Amino acid sequence: MTGRPVRTGRGAGQASAGELLELVRSRRAVTRGALQQVTGLSRATVGQRLDRLFRAGWLREGAGGPVDSPLGGRPSITLEFDDEHAVVLAADLDTRHARAAVLSLSGEILTEQSGTLVVEDGPDAVLGELGRWFGELLEKTGRGAESVCGVGLAVPGPVDSETGRVVQPPMMPGWDGYDIRSRLTRALTEHTDAAAVPVLVDNDANLMAYGEQRTGYPDCSAFVLVKVSTGIGAGVVVDGAVFRGVDGGAGDIGHIRVPEGAQTLCRCGSYGCLAAIASGGAVARRLAEAGVPAASGSDVRDLLASGHPDAVGLAREAGRRVGDVLATVVTLLNPGVLMIAGDLAGTPFLTGVRELLYQRALPRSTAHLDVVTARLGERSGLVGAGAMVVEHLYAPERVEERLRALGV
């Protein structure tokens, strides 16, 4: 999990141990000499600050690098972020289904499980069950609870990133303002005896976008992911960071009003929302009205996989309606990648999106646009949640706090 810009605002000769770690993690400087050059620190000061990172177990020495001097000599020893010294727990909640995993600090999924978990059952029950899942997953990896450094959670609703609480979520009754962090911390302790660790929460589309952009499109400076499952939401990554808006509401395109849905009531209580007529839930409702058993976006996904003609036709129609809205999104943001993810992210829906998107958007807005489907599939939210935790814990200012707490 590297590749973000290095933030060094302290001036030459003032870089902290946390900033040195970030230089190593981002591969900007991976030898002691290179760190001296980039930071202006003396050899002794670099050595002292690196020693703190080694004692914390966060750095390790790698293989020798090339010999730069024409006179020869010993190769420089490279420095590496030790991604084995801890693990991250991550979970991705959908309306009726969830996935959970243990990840390495580099984003590798070590073990995972999925199953039915219904958000309408309420936060106490759902988060308690996630705690049990995490306990089972840690047992499978053979890692002790003391190795967990943090937990990341993706939820299908808008999130206030400062508090980790969902704000008026249309698809999560009973969750509005609930203290997710405290409950999940308690559930983790109950099932693993783990000490309290940071719990970070964000919207599922945001974390899917973050995971996909970092792993597949790290050089894309404007990236948009649209998740179309039981509902519709979008995640936007600009210059390597999730764009959340002023209070976490950015990307909620499912509740943009569209003329075709003027008479259709949305779960948010309004009429005419895009999600009410073009989400997986909306397609499932229309299939059920036609006598085809379907109750959610996941049911539609299964019907599409089997080539059900009614599902295929309705998915393409839904894609056209979403594509019409995305023409405005693309014109506004001018992304390099527009990724379609979720239960409906298949050929019929994608075809419908492209039909309307390229018809309605200006050629200038789509000249350098790639319209693709998710690379990580159902794992993108887990990878994004893991990355969120790692970037939070190993940010330079937080590294300093953690080193002091460790007494090194």
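Residues numbered from 1 in each chain as written. Predicted model: local features only at pLDDT ≥ 70, side-chain atom pairs only at ≥ 80, totals over all residues. Heavy atoms only, no water.

Asks: I keep staring at the overall build of the chain and nothing clicks. Help me out?
Replies: Secondary structure assignment for the chain yields 14 helices and 14 strands. Since a compact globule built from 408 residues should have a radius of gyration of about 22 Å, the 23 Å found for the chain is in line with a globular shape. Across its three principal directions, the C-alpha atoms of the chain cover 75 × 55 × 35 Å. In the chain, which comprises 408 residues, the share counted as buried stands at 53%. Carbon and sulfur atoms make up 48% of the accessible area of the chain, which totals about 17,700 Å². Separation of charge centres in the chain, based on 41 positive and 48 negative side chains, amounts to 5 Å. (Helix = DSSP H or I, 4+ residues; strand = E, 2+ residues; numbered from the N terminus. Rg over C-alpha atoms; globule rule 2.2 N^0.38 Å. Buried < 20%, exposed > 50% of the residue type's maximum accessible area, 1.4 Å probe, protein only. Areas by Shrake-Rupley, 256 points an atom, 1.4 Å probe, with all protein chains shown as cover. Lys, Arg positive; Asp, Glu negative; His and termini not counted. Charge placed at Lys NZ, Arg CZ, Asp CG, Glu CD.)

Asks: Would you take a moment to explain the packing of helix H1 (residues 17–25) against helix H14 (residues 396–406) for this structure?
Replies: The relative placement of two packed helices comes down to the angle between their axes together with the axis-to-axis distance. It is the contact of H1 with H14, at a shortest axis distance of 7 Å, that shows an interaxial angle of 125 degrees. With respect to each other, H1 and H14 are oriented oblique. H14 is crossed by H1, and the crossing has right-handed handedness. Here Ala17, Gly18, Glu19, Leu21 and Glu22 of H1 come into contact with H14, specifically with Pro396, Val399, Glu400 and Leu403. (Axes fitted to C-alpha atoms, helices over the stretch in contact; angles between N-to-C directions. Parallel < 35°, antiparallel > 145°, perpendicular 65-115°, else oblique. Left-handed = near helix turned anticlockwise from the far one by under 90°. Contact = heavy atoms within 4.5 Å.)

Asks: Would you explain the nonpolar core in this entry?
Replies: In this structure, Val226, Ile232, Leu287, Leu326, Leu338, Phe349 and Leu357 are the most contacted members of the largest nonpolar core, which totals 40 residues. Looking at this core, the elements with two or more residues in it are strand S10 (222–228), strand S11 (232–238), helix H7 (274–278), helix H8 (280–289), helix H9 (297–305), helix H10 (309–333), strand S13 (337–341) and helix H11 (347–360). The greatest single-element share of this core, amounting to 10 residues, is contributed by H10. Discounting chain neighbours no more than four positions away, the residues touching Leu357 are Gly323, Leu326, Ala327, Val330, Leu338, Leu369 and Val371. (Core = buried A, V, L, I, M, F, W, Y, C linked by side-chain atoms within 4.5 Å.)

Asks: Honestly, unusual backbone geometry in this entry has me stumped. Any pointers?
Replies: Glycine aside, the phi torsion of most residues is negative, and most peptide linkages are trans. Backbone geometry places Gln168, a non-glycine residue, at a positive phi of 45 degrees. Note that Gln168 resides in the loop between strand S8 (165–166) and helix H5 (180–192). One non-glycine residue, Asn334, adopts positive backbone phi at about 50 degrees. On the secondary structure map, Asn334 appears in the loop between H10 and S13.

Asks: Is there a simple way to explain the side chain of Ser104 in this structure?
Replies: Mapped onto the elements of the fold, Ser104 is located in strand S4 (residues 97–104). A residue is classified by how much of its surface remains accessible, and Ser104, at 8% relative accessible area, is buried. Separated by 2.9 Å, the side chains of Ser104 and Ser106 make a polar contact. (Polar contact = N/O pair within 3.5 Å; in protein donor to acceptor, adjacent residues only side chain to side chain.)

Asks: How should I be thinking about the pairing of strand S9 (residues 199–203) in this particular structure?
Replies: Two faces, one strand: in a regular strand the side chains alternate between the faces of the sheet. Burial runs high along S9: 5 of the 5 residues are buried. Sheet topology places strand S6 (residues 148–155) next to S9; 5 bridges connect them, and they run parallel. If you follow Gly152 over to S9, its bridge partner there is Leu200. (Pairing = 2+ DSSP bridges.)

Asks: Would you explain the pattern of salt bridges in this entry?
Replies: A side chain with one charge may pair with a side chain of the opposite charge, provided their charged atoms come close. If you walk through the whole model with that rule in mind, you get 28 salt bridges. Note that Glu317 and Arg286 form a salt bridge whose closest N and O atoms lie 3.0 Å from each other. You can see Glu317 sitting in helix H10 and its partner Arg286 sitting in helix H8, a full 31 residues away along the chain. We note a salt bridge from Asp302 to Arg301, for which the minimum N-O separation is 3.7 Å. (Salt bridge = Lys/Arg side-chain N within 4 Å of Asp/Glu carboxyl O.)

Asks: What is the right way to look at the side chain of Asp202 in this model?
Replies: Mapped onto the elements of the fold, Asp202 is located in strand S9. Judged by relative accessible area, Asp202 falls into the buried class, the value being 1%. For Asp202, the side chain forms a polar contact with the side chain of Asn206, separated by 3.1 Å. Ignoring anything within four residues of it in the chain, the contact list for Asp202 reads Leu153, Ala154, Val155, Val159, Leu207, Arg244 and Met388.

Asks: Just to check I follow, could you spell out the sheet that holds S4 for this structure?
Replies: Backbone-to-backbone hydrogen bonds join strands into a sheet, with any given pair of strands oriented parallel or antiparallel. Spatial strand order, S5-S4-S3-S6-S9: 5 strands in an open sheet with mixed pairing. This sheet does not close on itself; its edge strands, each paired only once, are strand S5 (109–116) and S9. Adjacent strand axes in the sheet meet at a mean angle of 15 degrees, parallel and antiparallel pairs treated alike. Across 7 bridges, S4 lies against S5 in antiparallel orientation. Residue pairing in the sheet places Leu103 in a bridge with Ile109 of S5.

Asks: What is the right way to read the packing of aromatic side chains from this model?
Replies: Both the distance between ring centres and the angle between the ring planes are used here to describe each pair of aromatic rings. Scanning all chains against the criterion turns up 3 aromatic pairs. Centroid distance Trp58 to Tyr394: 5.5 Å. Interplanar angle 80 degrees. Geometry classified as edge-to-face. Separated by 336 residues along the polypeptide, Trp58 in the loop between helix H3 (43–56) and strand S1 (59–64) and Tyr394 in the loop between helix H13 (380–393) and H14 bring together distant segments of the chain. Taking relative accessible area as the criterion, Trp58 reaches 3% and is therefore assigned buried. Ring centres of Phe81 and Tyr394 lie 5.1 Å apart, and the angle between their planes is 75 degrees; this geometry places the pair in the edge-to-face category. A residue pair is termed long-range when its members are at least 10 positions apart, and Phe81 in strand S2 (residues 77–81) and Tyr394 in the loop between H13 and H14 qualify at 313 residues. (Phe/Tyr/Trp six-rings, centres within 6.5 Å; stacked < 30°, edge-to-face > 60°.)

Treat this as a map of the structure, not an account of what it does.
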